[in-house]
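Given next are the chains, with one letter for each unit.
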Amino acid sequence: QVQLVESGGGLAQAGGSLRLSCAASGTFLSINAMGWHRQAPGKQRELVASITSSGSTNIADSVKGRFTISRDNAKNTVNLQMNSLKPEDTAVYYCYGNIRRGLIGTRDYWGQGTQVTVSS
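Residues numbered from 1 in each chain as written. Predicted model: local features only at pLDDT ≥ 70, side-chain atom pairs only at ≥ 80, totals over all residues. Heavy atoms only, no water.

Description of the packing of aromatic side chains
Thinking step 1. In the structure shown here, the tally under the stated rule is 1 aromatic pair.
Thinking step 2. Where Y96 meets W110, the ring centres are 5.6 Å apart and the plane angle is 40 degrees; that geometry is what we call tilted. With Y96 in strand β9 (residues 91-100) and W110 in strand β10 (residues 106-110), the pair connects residues that are 14 residues apart, well separated along the chain.
Thinking step 3. Here Y96 falls in the buried class, since its relative accessible area comes to 12%.
Thinking step 4. Just above the ring of W110 sits the side chain of R45; from NZ or CZ to the centre is 5.1 Å. (Phe/Tyr/Trp six-rings, centres within 6.5 Å; stacked < 30°, edge-to-face > 60°. Helix = DSSP H or I, 4+ residues; strand = E, 2+ residues; numbered from the N terminus. Buried < 20%, exposed > 50% of the residue type's maximum accessible area, 1.4 Å probe, protein only. Lys NZ or Arg CZ within 6 Å of the ring centre and 35° of its normal.)

So, in structure tokens, the structure goes:
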């Protein structure tokens with residue numbers, strides 16, 4: 001069993017900051033990558049940022065220069081520092097992990113989501 005639990009969502013004003021965290025727990029061999037997706041009302045879910053166990057990152061163009069992703073491998077935790085927030089950042093943010101539980105391969109796991117709301 002693998003669980004991903006997010007924290008840190010909430011309300012912010014435009015130009016403000018929030019920090020999201022996600023911790024993986026359960027039984028697994030290793031975590032290949034962790035990251036964040038988001039889904040705004042009426043829109044499809046989109047990638048925000050991801051990071052591999054070696055530190056390689058992938059960040060969406062819409063948040064480059066404003067959001068920073070980091071990872072604590074010892075704690076199986078991924079963080080998303082969100083600065084210069086805009087109203088269009090309002091969405092439910094979902095943590096994911098690409099996790100190896102056995103020898104066959106990896107699977108994607110998802111957190112329950114945390115709401116981020118940015119007012120103008």
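Looking at the side chain of S21
Thinking step 1. Tracing the chain through its elements places S21 in strand β3 (residues 18-26).
Thinking step 2. Residue S21 is classed as buried on the basis of its relative accessible area of 15%.
Thinking step 3. Among the polar contacts listed, one links the side chain of S21 to the side chain of R19, at a separation of 3.3 Å.
Thinking step 4. At a separation of 2.8 Å, a polar atom in the side chain of S21 contacts the side chain of N79.
Thinking step 5. Among all residues touching S21, those that are not within four sequence positions of it are V5, E6, S7, W36, V78 and N79. (Polar contact = N/O pair within 3.5 Å; in protein donor to acceptor, adjacent residues only side chain to side chain. Contact = heavy atoms within 4.5 Å.)

Structural notes on the environment of P41
Thinking step 1. One can find P41 in the loop between β4 (30-39) and β5 (46-52).
Thinking step 2. Among the residues examined, P41 registers a relative accessible area of 73% and is labelled exposed.
Thinking step 3. The sequence separation of P41 and D61 amounts to 20 residues, and the corresponding C-alpha distance is 20 Å.

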